[in-house]
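# Coordinates in review
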Amino acid sequence: GAVVSQHPSWVICKSGTSVKIECRSLDFQATTMFWYRQFPKQSLMLMATSNEGSKATYEQGVEKDKFLINHASLTLSTLTVTSAHPEDSSFYICSAWGPSYDEQFFGPGTRLTVL
Amino acid sequence: GNSVTQMEGPVTLSEEAFLTINCTYTATGYPSLFWYVQYPGEGLQLLLKATKADDKGSNKGFEATYRKETTSFHLEKGSVQVSDSAVYFCARGTQGGSEKLVFGKGMKLTVNP
């Protein structure tokens, strides 16, 4: 299958700062990328769907001004957590889909800890 | 609403034991159904899927059948191995690969030799 990477794999930041997480499709063009959040012992919750070159579509209850998503190229999407607070600490996972495939491919996730 | 309910673990089995992980869903229409697996330190991988009623997905000795009448997609394996130790997620979506996915909570399986 295709490969999706995330960077960084983990990050610790101070409350009030912003953190950017990258999601890359390494060997295919991803027209659609998804961002999920996973709390301990809980399911993955879809945060937003981004299509290359257009604005992301956010799920109900997700603050779009807090979780900024950019999908400027067919191989890269970024999630920026702005003015992070301890309650934003979580595991963030991206997935990518391209028209050559009939499934999404998931990144390994990024552990964010906000102090 | 649209949701997925699956068995919650953790579950510990001995090698060669039989495995069943129950999964039921609610949805309008007939969504595609998936099982994903997450091995330690790795991202989610698609294990198997079914796109319509009575379809059976299978991979690596695992099987699941799309049961419309019971809205279920239970995962089974006749003889588990230590290498099957992972977290298993049931999910539902819509037709096509660019669909949104709704996940169950996941179940951690540990297989002991």
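A brief structural summary. (Residues numbered from 1 in each chain as written. Chains lettered and ligands numbered in written order. Predicted model: local features only at pLDDT ≥ 70, side-chain atom pairs only at ≥ 80, totals over all residues. Heavy atoms only, no water.)

Broken down by element type, chain A carries zero helices and 11 strands. Along the chain direction, N to C, the helices and strands of chain A fall in the order β-β-β-β-β-β-β-β-β-β-β. For 115 residues, the compact-globule estimate of 2.2 N^0.38 gives 13 Å, and chain A sits close to it at 13 Å. C-alpha extents for chain A along the principal axes are approximately 40 × 25 × 20 Å. Out of the 115 residues belonging to chain A, those deemed buried represent 49%. (Helix = DSSP H or I, 4+ residues; strand = E, 2+ residues; numbered from the N terminus. Rg over C-alpha atoms; globule rule 2.2 N^0.38 Å. Buried < 20%, exposed > 50% of the residue type's maximum accessible area, 1.4 Å probe, protein only.)

What the rule picks out here adds up to 14 aromatic pairs over all chains. Residues F34 of chain A and Y36 of chain A carry aromatic rings whose centres are separated by 6.5 Å and whose planes lie at 35 degrees to one another, so their mutual orientation is tilted. Centroid distance Y36 of chain A to F103 of chain B: 5.6 Å. Interplanar angle 85 degrees. Geometry classified as edge-to-face. Residue Y36 of chain A is found in strand 4 (residues 32–38), and its partner F103 of chain B is found in strand 11 (residues 102–103); the two belong to separate chains. We classify Y36 of chain A as buried; its relative accessible area is 0%. Linked through ring pairs, F34, Y36 and F106 of chain A together with F34, Y36, F89 and F103 of chain B together constitute an aromatic cluster. (Phe/Tyr/Trp six-rings, centres within 6.5 Å; stacked < 30°, edge-to-face > 60°.)

With that settled, the discussion passes to the interface of chain B and chain A. Contact with chain B, which involves 16 residues of that partner, is made by 19 residues of chain A. Between chain B and chain A the total buried area reaches about 1500 Å² when both faces are included, carbon and sulfur atoms providing 56% of it. Inspection of the region where chain B meets chain A yields one salt bridge. Linking E59 of chain A and K100 of chain B is a salt bridge whose minimum nitrogen-to-oxygen distance equals 2.9 Å. (Contact = heavy atoms within 4.5 Å. Buried area = accessible area lost by both parts, 1.4 Å probe. Salt bridge = Lys/Arg side-chain N within 4 Å of Asp/Glu carboxyl O.)

Residues and elements named next belong to chain A. Strands sit in the order 1-3-8-7 across an open sheet of four strands; the sheet is antiparallel. Each having just a single partner strand, strand 1 (4–7) and strand 7 (67–73) make up the two edges of the open sheet. On average, each strand axis in the sheet is inclined to that of its neighbour by 15 degrees, with strand direction left out of account. The pairing of strand 7 with strand 8 (residues 76–81) spans five bridges and is antiparallel. What sits directly across from I69, in strand 8, is L79. (Pairing = 2+ DSSP bridges. Axes fitted to C-alpha atoms, helices over the stretch in contact; angles between N-to-C directions.)

All names here are of chain B. The antiparallel open sheet is built from four strands, whose spatial order is 3-9-8-7. With partners counted over all chains shown, the strands left at the sheet margins are strand 3 (19–21) and strand 7 (56–59), one partner each. Each neighbouring strand pair of the sheet contributes to a mean axis angle of 15 degrees, computed without reference to strand direction. One ladder, built from three bridges, connects strand 8 (residues 62–65) with strand 9 (residues 75–77); its direction is antiparallel. Paired with A64 across the two strands is L75, which belongs to strand 9.

Time to look at unusual backbone geometry. The phi torsion of most residues other than glycine is negative, and most of the peptide bonds are trans. The amide bond that connects H7 of chain A to the next residue, P8 of chain A, takes the cis arrangement and shows omega of 0 degrees. Relative to the helices and strands, P8 of chain A resides in the loop between strand 1 and strand 2 (10–13). Of the consecutive residues G9 of chain B and P10 of chain B, the connecting peptide bond is found in the cis state with omega at 0 degrees. Structurally, P10 of chain B can be placed in the loop between strand 1 (3–6) and strand 2 (11–14). Notably, K60 of chain B is not glycine yet its phi reads approximately 55 degrees, a positive angle.

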